[in-house]
Amino acid sequence: MLRQALLALSASNRARDLIMANPLTRDVVQRFVAGEAADDALAVTRRLLDDGLLVSIDFLGEDTIEPEHATAVTEEYVRLLGELSAAGLSGGGRAEVSVKPTAVGLGLAEHGEKTATENIARIATAARNAGTTVTVDMEDHTRVDATLRVVTELRADFPDLGCVIQSYLRRSADDCASLAMAGSRVRLCKGAYQAPEGVGLAVKAEVDQSYARCLRVLMDGPGYPMLATHDPRLIAIAASKAQLNGRSADSFEYQLLYGIRPAEQSRLAAGGAQVRVYLPYGDDWYGYLVRRLAERPANLVFFLRALASRR
Ligand code: FDA
């Protein structure tokens, strides 16, 4: 119930304006977001890389409705990748970027899919020049087919373009099977959205079981699985599956969100695993923050306490 209410709140413009205008929310935001500027993302990236972690940077924003805005988001990514390269942070894919298709035009009223494809191609070209990769985030269930079409088309030129599968969707094990080919970078997550009964799984235990099923499909295949979860049970399943299959540490990676279970991030990396931290930055942090609050009541308590405190 609480999760549903919060996810509904994430789409509310009124709540968004109220919360974004409150300076006290900044404390909470900083726990999950690098900052508002690209320089903030670069500084946090440098620190995470120094700690032996990998990074995927997300310029916050989604549901772009103006073509000019989609172009501006694309240019921000291109600039960021140039700066990462100049700072020596992107070589060998150490810091890459994650891109939401609707941030670069997928949801535009006209030619959305074409615009998103062209914009992601520009970002992927900049990433290639910087010696790194792009992963295309997955958004709500209405965007899945179009996003997979965009990724499939672009993989002809950019075979290392990553995509995301969400285990809360009933279709996901099949999608994993068709994506588990050599060189295919697939991030597996549970999914931060909701879907109607026939499309998505509503019960948490079913979403977790589906994750384990998808994980097996990806880990058994020849691709490059990116296991995005904070769930200790699923992380343990991934570790034992890797061992069982004789997978080398560089043939898959764990991914966790910035600010969530940082001790676990360090523990996994210290054990020799590749661990990538998903690092968002930008001033459009509202939707991202509310989805994180919906996932964990403890985060909500932390947030409300910060709102109530007088510093
Ligand atoms: P879940 O939320 O069920 O948590 C499982 C367990 O993890 C908890 O029981 C607890 O033990 C531990 N845990 C979780 N949060 C914690 C916290 N704050 N502190 C301590 N322990 C905590 N979604 C999407 O729809 N599209 C996408 O493209 C992406 N991309 C993406 C990238 C990366 C790198 C990650 C990690 C996640 C995403 N997501 C995403 C979000 C994802 O779908 C999901 O919403 C969150 O990761 C939360 O799911 P968990 O797997 O962590 O499980």
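Preceding this section is the structure that the text describes.
Residues numbered from 1 in each chain as written. Predicted model: local features only at pLDDT ≥ 70, side-chain atom pairs only at ≥ 80, totals over all residues. Heavy atoms only, no water.

Draft legend 1. Structural detail: the packing of helix α4 (residues 38-50) against helix α5 (residues 67-86). Remark: α4 packs on α5, axes separated minimally by 11 Å, with the N-to-C direction vectors making an angle of 40°. Classified by the interaxial angle, the pair formed by α4 and α5 is oblique. Handedness of the α4/α5 crossing: right-handed. Between α4, through A38, D39, L42 and T45, and α5, the contact on the second element is made entirely by E76, L80, E83 and L84. Among the residues forming the contact of α4 with α5, the class breakdown is four nonpolar, one polar and three charged. (Axes fitted to C-alpha atoms, helices over the stretch in contact; angles between N-to-C directions. Helix = DSSP H or I, 4+ residues; strand = E, 2+ residues; numbered from the N terminus. Parallel < 35°, antiparallel > 145°, perpendicular 65-115°, else oblique. Left-handed = near helix turned anticlockwise from the far one by under 90°. Contact = heavy atoms within 4.5 Å. Nonpolar A, V, L, I, M, F, W, Y, C, P; charged D, E, K, R; others polar.)

Draft legend 2. Here's a closer look at the packing of aromatic side chains. The final tally for this structure, using the stated rule, is four aromatic pairs. Measuring from ring centre to ring centre gives 5.2 Å for F59 and Y281, while their planes differ by 40°; the resulting arrangement is tilted. Here F59 is found in strand β1 (residues 54-59), whereas its partner Y281 is found in strand β8 (residues 275-281), with 222 residues between them in sequence. Judged by relative accessible area, Y281 falls into the buried class, the value being 1%. Site record: aromatic cluster; members linked through ring pairs are F59, Y77 and Y281. Directly above the ring of Y288 sits R292, whose terminal nitrogen or CZ lies 4.6 Å from the centroid. (Phe/Tyr/Trp six-rings, centres within 6.5 Å; stacked < 30°, edge-to-face > 60°. Buried < 20%, exposed > 50% of the residue type's maximum accessible area, 1.4 Å probe, protein only. Lys NZ or Arg CZ within 6 Å of the ring centre and 35° of its normal.)

Draft legend 3. Just the pairing of strand β2 (residues 95-99), in detail. Counting buried residues in β2 gives five out of five residues, a clear majority hidden from the surface. Alternating positions in β2 separate into two faces, A95, V97 and V99 on one and E96 and S98 on the other, with burial throughout. Relative to β2, β1 runs parallel, the two being bridged by four bridges. Looking at β2, one finds that S56 is bridged to E96. Read as a crossover between parallel neighbours, the route from β1 over α5 to β2 is right-handed. The pairing of β2 with strand β3 (residues 134-136) spans three bridges and is classified as parallel. For S98, the partnering residue across the bridge sits in β3 and is T135. Since β2 and β3 lie parallel, the crossover through helix α6 (residues 112-129) that links them has a hand, and here it is right-handed. (Pairing = 2+ DSSP bridges. Right-handed = clockwise from strand over helix to strand, strands pointing away.)

Draft legend 4. Structural context of α5. In a regular helix each residue adds 1.5 Å, so 20 residues correspond to 28 Å; α5 covers 29 Å between its end C-alpha atoms and thus fits that length. Of the residues making up α5, those classed as buried are A70, V73, T74, E76, Y77, L80, L81 and L84. Around the axis of α5, the buried residues are gathered within 150° of arc, so they sit on the same side. Turned more than 90 degrees away from the buried face of α5 sit E68 and A86, all of them exposed. (Expected span 1.5 Å × (residues − 1). Arc of directions from axis to C-beta.)

Draft legend 5. A look at the pattern of salt bridges. Applying the stated criterion to the full structure yields 17 salt bridges. K204 is the salt-bridge partner of D208, the closest N and O atoms lying 3.2 Å from each other. With D208 and K204 both in helix α9 (residues 204-220) and four residues apart, the pair spans about one turn of that helix. The shortest N-O distance in the salt bridge between E264 and R267 comes to 2.8 Å. Of this pair, E264 and R267 both sit in helix α11 (residues 262-270), separated by three residues, roughly a single helical turn. You can call E264 buried: its relative accessible area is 10%. Here the salt bridges do not stand alone but share partners, grouping K190, K204, D208 and D231 into one network. (Salt bridge = Lys/Arg side-chain N within 4 Å of Asp/Glu carboxyl O.)

Draft legend 6. Representation of unusual backbone geometry in the model. Despite not being glycine, D63 has its phi angle at roughly 55°, a positive value. With a relative accessible area of 47%, D63 lands in the partly exposed category. Phi is positive for R261, close to 50°, though the residue is something other than glycine. Within the secondary structure layout, R261 lies in the loop between β7 (253-257) and α11. Residue classification places R261 among the partly exposed positions, given a relative accessible area of 33%.

Draft legend 7. Quick look at the pairing of β8. The buried fraction of β8 is high, at seven of seven residues. Residues V275, V277, L279 and Y281 line one face of β8 and the alternating positions R276, Y278 and P280 line the opposite face, and both faces are buried. Strand direction decides the pairing type here: β1 and β8, joined by six bridges, are parallel. Within β8, the position partnered with D58 by the bridge is P280. Note: β7 against β8, four bridges, orientation parallel.

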